[in-house]
Amino acid sequence: MKITQTLCILLSAALLGSCSVFNKSAKQHSEQSISSESIAATKPEKAKKKKKNKNKKKNEFETEGRKPSPDELTGAQWTITSLGKDNLPIEDEMPYVIFDEKGNFYGNNGCNVLNGSFVLRSDGHLIFSNVLSTMAFCPDKPYADTISGILSDGKQYGVDCKRIGQESYLYLKDDAGKAVATLRRHNMEFLNGNWQIVAIDGKSIKDEDATLFIDIPELKVHGNTGCNFFNGTLYIDPARSNAIDFSNMGLTRMACPKADQENRIMVALESTASAIAGKNDDTVLLIDKKGKELLTLRRIENNND
């Protein structure tokens, strides 16, 4: 009898223990089924994620890849910079695509003009349709046919948009998640407005009359050297990052004691190859093709705002 009782007690304990383990597992499974995002990462995954965020912090101008908003996608020229892993050669006229607000696109594959329709779906897929193209033959543009194939009727891609510095990158991805094309657009609108010239060749100047007004939509520039007025045109080269060139500069010829400052400003503008934001939104650096700082600009606030 005692042996039987002992066996029953042991058996009951084993069964209760098993039920306890089963119920705990079932509870965990139920919680995980609610949302896969709520599952805690393992220690190695946490460490990896922490390291990734740490590295990202070093480049505060880089954003995560994501679906572009309509404003980000439309209204500006996207230069096609690479196909798959192959970078396109840098030329005066790079292939490009422009998406408009009405769901139309037009562009150039380096040889032929293309136009058609597009839809950016809520799930992040971009679909092309009603595509037409001219039929010129360009043996010196071997990538042209590949671009035409990418932008052809019925083709759809996952899209990923990332901003790095003053530029945005758009990746068209196949079903396997591999980028079939990379497109780049400038975001030089940060240059719009009125600027005080506060340094030339890295040396500070104090002259309220030395100003520069930049109009990106109209590609125009005008200003004052502290002595004479000047005006000219802008060119944003799609083949170069953060590119901006000042050309066709006209200058009044009034004599004044600031001739040396004037000469340095005009030479700096003519040597400018790119523009980058300074340490904050209120400063801009104009630099030459070797990365040398030519002019430092500080935004002049509009008192009417």
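Our subject is the structure that appears above.
Residues numbered from 1 in each chain as written. Predicted model: local features only at pLDDT ≥ 70, side-chain atom pairs only at ≥ 80, totals over all residues. Heavy atoms only, no water.

### Things to note about the overall build of the protein chain
Turning to step 1, where the next piece is worked out: Per the secondary structure count, the protein chain includes five helices and 18 strands.
Turning to step 2, where the next piece is worked out: Burial status across the protein chain gives 37% buried among its 305 residues.
Turning to step 3, where the next piece is worked out: Intrachain contacts of the protein chain at a sequence separation of at least 6 include 47% that bridge at least 24 residues.
Turning to step 4, where the next piece is worked out: A total of about 19,300 Å² of accessible surface is found on the protein chain, and carbon and sulfur atoms cover 54% of it. (Helix = DSSP H or I, 4+ residues; strand = E, 2+ residues; numbered from the N terminus. Buried < 20%, exposed > 50% of the residue type's maximum accessible area, 1.4 Å probe, protein only. Contact = heavy atoms within 4.5 Å. Areas by Shrake-Rupley, 256 points an atom, 1.4 Å probe, with all protein chains shown as cover.)

### Considering the pattern of salt bridges
Turning to step 1, where the next piece is worked out: Enumeration over the complete set of coordinates arrives at six salt bridges.
Turning to step 2, where the next piece is worked out: A salt bridge links Asp-260 to Arg-264; the nearest nitrogen and oxygen atoms lie 3.9 Å apart. With Asp-260 and Arg-264 both in helix H5 (residues 259-271) and four residues apart, the pair spans about one turn of that helix. (Salt bridge = Lys/Arg side-chain N within 4 Å of Asp/Glu carboxyl O.)

### Observations concerning the side chain of Thr-211
Turning to step 1, where the next piece is worked out: Within the secondary structure, Thr-211 sits in strand E12 (residues 210-215).
Turning to step 2, where the next piece is worked out: Aside from chain neighbours lying at most four places away, what touches Thr-211 is Asn-194, Trp-195, Gln-196, Ile-197, Gly-223, Asn-224, Phe-230 and Ile-300.

### Concerning the packing of aromatic side chains
Turning to step 1, where the next piece is worked out: Summed over all chains, the structure comprises five aromatic pairs.
Turning to step 2, where the next piece is worked out: Relative to Phe-118, the ring of Phe-99 lies with its centre 5.0 Å away and its plane at 75 degrees, an arrangement referred to as edge-to-face. Taken together, the residues Phe-99 in strand E3 (residues 96-99) and Phe-118 in strand E5 (residues 113-120) connect sequence positions 19 residues apart. The burial state of Phe-99 is the same as that of Phe-118; both residues are buried. (Phe/Tyr/Trp six-rings, centres within 6.5 Å; stacked < 30°, edge-to-face > 60°.)

### Topic: the side chain of Asn-108
Turning to step 1, where the next piece is worked out: By secondary structure assignment, the location of Asn-108 is in strand E4 (residues 104-108).
Turning to step 2, where the next piece is worked out: A polar side-chain atom of Asn-108 sits 2.6 Å from the main-chain amide nitrogen of Gly-110.
Turning to step 3, where the next piece is worked out: Discounting chain neighbours no more than four positions away, the residues touching Asn-108 are Pro-95, Tyr-96, Val-113 and Leu-114. (Polar contact = N/O pair within 3.5 Å; in protein donor to acceptor, adjacent residues only side chain to side chain.)

### What to know about the environment of Gly-223
Turning to step 1, where the next piece is worked out: Position of Gly-223 among the secondary structure elements: in strand E13 (residues 220-225).
Turning to step 2, where the next piece is worked out: Placed 10 residues apart in sequence, Gly-223 and Phe-213 show a C-alpha to C-alpha distance of 5.7 Å.
Turning to step 3, where the next piece is worked out: With residues near it in sequence (within four places) discarded, Gly-223 still touches Thr-211, Leu-212, Asn-228, Phe-229 and Phe-230.

### Considerations on unusual backbone geometry
Turning to step 1, where the next piece is worked out: Its identity as a non-glycine residue notwithstanding, Asn-130 has a phi of 50 degrees, on the positive side.
Turning to step 2, where the next piece is worked out: Within the element layout of this structure, Asn-130 appears in strand E6 (residues 125-133).
Turning to step 3, where the next piece is worked out: Its identity as a non-glycine residue notwithstanding, Leu-219 has a phi of 55 degrees, on the positive side.
Turning to step 4, where the next piece is worked out: Its relative accessible area of 34% is what places Leu-219 among the partly exposed residues.

### Description of the state of the cysteines
Turning to step 1, where the next piece is worked out: Enumeration over the complete set of coordinates arrives at two disulfides.
Turning to step 2, where the next piece is worked out: In this model Cys-111 forms its disulfide with Cys-138; the gap between the sulfur atoms is 2.0 Å. On the sign convention where negative is left-handed, the bridge of Cys-111 and Cys-138, at about 75 degrees about the S-S bond, is right-handed. Residue Cys-111 is located in the loop between E4 and E5, and its partner Cys-138 is located in the loop between E6 and helix H4 (144-150); the two are separated by 27 residues in the primary sequence. (Disulfide = S-S within 2.5 Å.)

### Points about the pairing of strand E1 (residues 77-83)
Turning to step 1, where the next piece is worked out: Counting buried positions along E1 gives six out of seven residues, so the element sits mostly inside the fold.
Turning to step 2, where the next piece is worked out: In the sheet, E1 pairs with E3 via three bridges, with the strands oriented antiparallel. Considered in E3, the bridge of Thr-79 is made with Tyr-96.
Turning to step 3, where the next piece is worked out: Judged from the four bridges that link them, E1 and strand E9 (residues 179-186) form a sheet pairing that is antiparallel. By the bridge assignment, Thr-79 is partnered in E9 with Arg-184.
Turning to step 4, where the next piece is worked out: Pairing of E1 with strand E2 (residues 86-87), which is carried by two bridges, proceeds in the antiparallel orientation. Residue pairing in the sheet places Ser-82 in a bridge with Asn-87 of E2. (Pairing = 2+ DSSP bridges.)

By themselves, these figures tell us nothing about what the structure is for.
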